[in-house]
Structure formats: structure tokens, C-alpha cells
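The chain contents come next:
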Amino acid sequence: MEIIRAEHSGFCFGVQKAIDKTFERIDEAKRDCRTTYTCGNLIHNKAVINKVASKGVCMISSLDEATSGDVVIVRSHGEPKEFYDKAENYGIELVDTTCVFVKKIHELVYKAYLDCRPVIIVGSADHQEVKATNGWCNYTAIILENAQEARDYAKNCCVNQIPLVVCQTTIRRELLDSIIEVFDEAAIPYEIKNTICNATRDRQESCAELAAKVDCMVVIGDPSSSNSKKLYEIANNNCKNAMFIQDISDLELKELYNYNKIGITAGASTPEWIIKEVIASMSENVTANVDHNPMLDFMDDIENSLRLPRPGEIVDGTVHQVMDNEVIVNIGCKKDGILQKSEVTLEPGQTLVDLFKEGDEIQAKVMKSDDGEGGILLSKKRLEMNENFKELAAAQANKEIISVKLVKSVNSGVIAAYKEISGFIPLSQLSDRYVENADEFLGQTVDVEVIKVDNKRNRAVFSRKAVLVDEKRKQIAEIWANLNVGDIVEGKVMRFTDYGAFVDIGGVDGLLHISEISWGKLKHPKEVLNIGDIINVKILALNEEKGKISLGLKQTQPEPWSLVGSKYEVGQVIEGKVVQIKDYGAFVELEAGLDGLVHISEIANRRVENVSDELELGKLITAKIMEIDVDRKRISLSIKALLGDEEESEVEATEE
């Protein structure tokens, strides 16, 4: 079976630049301690998005969720002009990773808009790149997704100025040609700027060319990626068998055994490590399942018919003579067996004389049928290897874990030593994460599963990944077994969302909803928490089947109303912040989760028509507690009561 990768596949220049700039910013963020966000998905690939999130970069849906001093990464698909204007007004620093080809389109569209020229965008109206481009002409562009929409436009077109036609960078050239053909037939004047990315064109042409030559075409990409879906469409049109996968978890390996030639391509937002992982997994599994060549059995029969023992055969013999460096063994044929010292396992200081005596019955494995001097070379070590292979076969059958030492790095994996056997661990089975270079593992002794044993060919294949995955599964199962609703556990804040924070509670993540963080009201979790904070949380709900855990932080602290009687009393003067203004008064926050009401009649010593004329949100005020109703959870406050006290004091001072 042959696996062929398309000449042009994977990350394009723009996406690679976006990823590089993002990770550079992540490193800088660690030094300047500033919060970093991406506004929307950086690129259309879930694996990359998750990797960025694991580095502490949160995703927001608009600039309104960021504050002055924050850093926001502009995605590779670009943003409308108003986005940049708002960032400047808000004092937000932008790291612009917009693809240079997309940025060029923005410049063309903005110039046409300033010249009062109409703009036509050929592409998908729902695609972020098209939305952003439309924002550079104040959302006045005509968006055409197909030839029919172009015909509808042509029927009602009334052109005063020649429109500028630009394209979404990832569309197929055939779409642009079909729309231009409609314009030409309707004699509509236009100025065309073919802004389809060259990398997109090369990737699509390369896909079509390869798909026509192979039995099966595999397209790797995220389901949300427009250019990946177009590649699958091209593959489907040029090859009878086409597959669209996101990563190796979607790959049906059994289906591939029916094909002799398999083609591989990937979308512009597909990371290289996912492509390599898919190819490695295909190669390994296909090789592992190739049927045994019957010709080898035929050759074995021929060799078995010979009188002399062949290499690899196990023979019984009698020790004829013991010398310093070798043992002569009678193995019952016209040639003697020669057992050299290097082929015997000796303890430190031990000699052949200590181990063998004339007349001893021994067993050994044939290395060579003729050593050039009329002898047959034997090995005790190789025989021990045979026993070791039996141990491996038993371990494979019983799914037992064994320990091996990683001794040498090779192109596609590492050599692992088990007693006298040198086995192989493919890179894809070395870890539960993608491994680019195996050198970091050399010298380690690790636990592995035996996944293949071939004694005849002296081959053994191990998997460390299987052990790690099983350990993680058991660890997670053990964690779940020890979790109970109502438990208070320690956790680490890992990442934020608009609706809360995810907290690692010892190997599994739980959701701390924004409503369960504080007794008071929050707009975003970062008002109270920071990434990396160690906090105590209460388990509110468990759903092991769905893997969901609901957590609460405010439940670990006293409910404010339970302490009202001991902290507050009628007549007490308090200071609080105005948090809500109504027609009938203003609510003042005494502490998180505890508000009091200043009725409109208690704001001043005069009639107040409009509360907002006297008070404003966020203002700190001083007021007097007039009434506490614990049953109804109400506290009545008065600013006027304090104003009266102040006026009496002033009168007394004047009289004196």
C-alpha cells in the first residue's frame, strides 16, 4: 500500500503567521502580566483553538468584554474597520494577525468606499473574512454566493459607477468565473480584482491532481473550515472514494485496507502535527495488518528439508570441549557447533569453564550454518531471546504491562530493550501527545503494552501510549469515584468563558458558573478570579455519563443575609455603592449579595422628581439604616436622615 501526500497541503502562510504571532504574544504576556484574548476563533481549527486556550488565552465575542490595557489578538480572517476604531477608543492593544492577502482586500474595498464606488464581494456571507471585508465599506457591499444570485443582481442592476469586484480568498476559481460570465452576458461593467489566494489555488489544484491518481483521497480539516470543505468537494469530484476527517479519531482504518494508493491533503488551518499523526497512524496500522506472505512459508519448507540446521533453529547437543573463549558442541550432524563466549550470558567474573563441563546436555540457537571453517555458530543468548519472546507473547495475550528501556532513536520511533530483545515503539505510540523528536525520551525505563510479537523475524512492537491512556482513564475513574455532591475541594482556575470559569479539581474540570461565583452580581468571572488561582469550591452536581461537574464558590462563604443580625442594626450609618437605579429609589450595595433600598423620599430634604438627577451608578454614598426586615430580606436606608442631623448641627453652631 502506498500513501501519497499532496504537494500543497496544511498551514498556509497567513495561518502560520497568525499562530506564530499568537504564541509570541503568549510568551510576552507572561512577562508583562496583561490579560490576552482572541476575538472569536483565531483560525478554523478546534485543536489549535484548544491549544491556545490551554496557554491561558481566553476567547471573547466582542471588544466590549475587554478593558483598557488588555491585549486582543485579531484573527487571521480579519475584522471590520469599526473594530480597530473601537479598540483605539477603549485603550486596547491589538496584535493584528490578519492574513496579508485579506488585509490587501480591505485596502481595496476601503479606497472604493471613499471614492463612492459600489463593492461586490464574491464569497460566503456567513464567513468571517467576508463579514470583515464588508465592514470596510460600511456594510454596503453586494455579496454574491453563486451564479443565480449574480443573475438576480444583474436584473435589478442600475450602475452609475463601475463596481469593484473582490473575492473571498478561499473560494474556487470556477465560482468567480461563473459570476463574471453572468456579468459579461448582461453587459454589466465592472473592475475585477482576483483576490483568490495563490496558496488556495495551488492547494486545490494539487488536491484535484492527486485525487485523480489514487484509489482513496483523505482530506484533513476542521468541519468549520471553508477551504477544507472545498478540498473535500474537489476530492469527491475527482476520486470515487473520498473521506473528510478532523483528526485520527475520525479515521476508519479498516476501510483503508481495500485500497492500494491513498492520497492525503489538508486545509489551510490544519496543523502539521495532525497531518503527521494521521499519516503515521495509517502507516502503522496498515503495516500491522498486511497478510503474511505465503512465499515465506514455502521457503521455510525448503530450508526444513536440508540436513544442516538453519539459522534460527533451536538444537540440542552435548558439550565436547570447553575452552577459554568457546565451547565445542556435538549437535548430531557432520559439523560441530561452536558456542562463542560473546554468545553466552556470564555474570561478572564468571568464565565458560565455570558454566559448562564436558558431557553436559545443552540447548542453543543456530546463528550461522557455516562459520567459514566448517563449524555451525550457536548462541545461548539468542535462545534466551526465544524465551523472552514467549514472555512477550504471554504478556500480549494477557494484556500485561512490561518495562522496557528506550535506548536508540530511529526515523519513525525508538528502539526499546526488553531483556535480550530489542523491540520498536513507533512515534505515534510513544506518548499520549504528539511527539516531534524522540530524543527527550532516550535513557528512560517506561511501562508499555505489547502490541505485536513475531519470533520468527525477531520483531516486537510496543505501545507506551496505550498504558498512559489506560492510566489516565483509571485515574479519572478514581477521581469520579471519590467525588460527592456537597464536597468542598481545592481547584485551580484554568480558563474563562462568558458564562463562568473552568476549574481543575485534581485531574478533571468542573464548571464554576458565573452565578455561583459570588453572592453579588458579576459581569465576568475575571472581576473576582484570575487564571491560576487556587480556590476552594463546593460540588453542586455530578453527571459522570456526560462528564460534567457543576461547582460553586459562593457556597463556601456565609450567605450575607445570615450575618445581617450580627453586622448591621437600625440606626447604623453605612457606606455603600449605588448598583441600581429605579423610578422609586436606588439600591445600594452594602457588601456582595447584600443591597439596601434608599426610597426616593429618603434621598433629600426636598421633593425629588428624578432619582438619577441625584444619584449615579457606582457612586459611593453614606446612609442610615432605618429598618431591617430579615424575613423579607429588605433593608431600608435613608440619606435624608443624615442630612437632617447635619443641618441641626449647623443651626446649633450658628446659635452659639
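About the cut-offs
Residues numbered from 1 in each chain as written. Predicted model: local features only at pLDDT ≥ 70, side-chain atom pairs only at ≥ 80, totals over all residues. Heavy atoms only, no water. Helix = DSSP H or I, 4+ residues; strand = E, 2+ residues; numbered from the N terminus. Rg over C-alpha atoms; globule rule 2.2 N^0.38 Å. Buried < 20%, exposed > 50% of the residue type's maximum accessible area, 1.4 Å probe, protein only. Contact = heavy atoms within 4.5 Å. Areas by Shrake-Rupley, 256 points an atom, 1.4 Å probe, with all protein chains shown as cover. Lys, Arg positive; Asp, Glu negative; His and termini not counted. Charge placed at Lys NZ, Arg CZ, Asp CG, Glu CD. Phe/Tyr/Trp six-rings, centres within 6.5 Å; stacked < 30°, edge-to-face > 60°. Lys NZ or Arg CZ within 6 Å of the ring centre and 35° of its normal. Pairing = 2+ DSSP bridges. Axes fitted to C-alpha atoms, helices over the stretch in contact; angles between N-to-C directions. Domains from an automatic or database assignment. Parallel < 35°, antiparallel > 145°, perpendicular 65-115°, else oblique. Left-handed = near helix turned anticlockwise from the far one by under 90°.

Counting secondary structure elements, the protein chain contains 18 helices and 32 strands. The C-alpha atoms of the protein chain give 38 Å as radius of gyration, which overshoots the globular expectation for 656 residues (26 Å, by more than 25%). The principal-axis extents of the C-alpha atoms in the protein chain amount to approximately 135 × 80 × 40 Å. Across the 656 residues of the protein chain, 41% fall into the buried class. Partitioning the intrachain contacts of the protein chain with sequence separation of at least 6 by distance along the chain shows that 64% fall at a separation of at least 24. A total of about 35,200 Å² of accessible surface is found on the protein chain, and carbon and sulfur atoms cover 47% of it. Charged side chains of the protein chain number 78 positive and 109 negative; the gap between the two group centres comes to 4 Å.

A few words now on the packing of aromatic side chains. The full count for this structure, using the stated rule, is eight aromatic pairs. Ring geometry for phenylalanine 83 and tyrosine 84: centres 6.0 Å apart, planes at 75°, overall edge-to-face. With respect to burial, phenylalanine 83 and tyrosine 84 carry one shared label: buried. Taken together, a centroid distance of 5.8 Å and an interplanar angle of 50° make the contact between phenylalanine 183 and tyrosine 190 tilted. Exposure remark for phenylalanine 183: the relative accessible area of 0% places this residue in the buried category. Taken together, the aromatic side chains of Phe83, Tyr84, Tyr110 and Trp136 make up a single cluster linked through ring pairs. The lysine or arginine in question, arginine 495, covers the ring of phenylalanine 502, its NZ or CZ lying 4.3 Å from the ring centre.

What follows is about the sheet that holds strand β5 (residues 93-96). The parallel open sheet is built from four strands, whose spatial order is β3-β2-β4-β5. Looking at strand neighbours, the two that pair on one side only are β3 (58-60) and β5, the edges of this open sheet. Strand-to-strand, the axes of this sheet are offset by a mean angle of 35°, without reference to chain direction. As paired elements, strand β2 (residues 36-39) and β3 share three bridges and run parallel to each other. Bridge pairing in β3 places threonine 38 opposite methionine 59. Lying on the sheet, helix α3 (residues 81-90) is in contact with β2, β4 (71-74) and β5; it crosses β5 at an angle near 145°.

If you check the domain split of the protein chain, you get domain 1 (100-196), domain 2 (199-286), domain 3 (308-344 + 357-384), domain 4 (399-469), domain 5 (483-552) and domain 6 (568-653). A straight line from the C-alpha centre of domain 3 to that of domain 6 covers 103 Å.

Right, let's talk about the packing of helix α8 (residues 198-211) against helix α9 (residues 226-238) for a bit. Running from amino to carboxyl end, α8 crosses α9 at an angle of 25°, the nearest separation of the two axes being 8 Å. Our classification of the angle between α8 and α9 gives roughly parallel. Regarding α8 and α9, the two cross each other, and that crossing is right-handed. Contacts between α8 and α9 involve Arg203, Gln204, Cys207, Ala208 and Ala211 from the first element and Lys230, Leu231, Ile234, Ala235 and Asn238 from the second.

Within the fold, phenylalanine 23 resides in helix α1 (residues 13-32). Between the alpha carbons of phenylalanine 23 and isoleucine 376 there is a distance of 62 Å; along the sequence they are 353 residues apart. Non-local contacts of phenylalanine 23, meaning those with residues more than four positions away in its chain, are made with Lys51, Val52 and Lys55.

Another point: unusual backbone geometry. Of note, the phi angle at tyrosine 139 is positive, near 60°, even though the residue is not glycine. Along the chain, tyrosine 139 falls in the loop between α5 (128-134) and β7 (142-144). Given the relative accessible area of 40%, tyrosine 139 is considered partly exposed.

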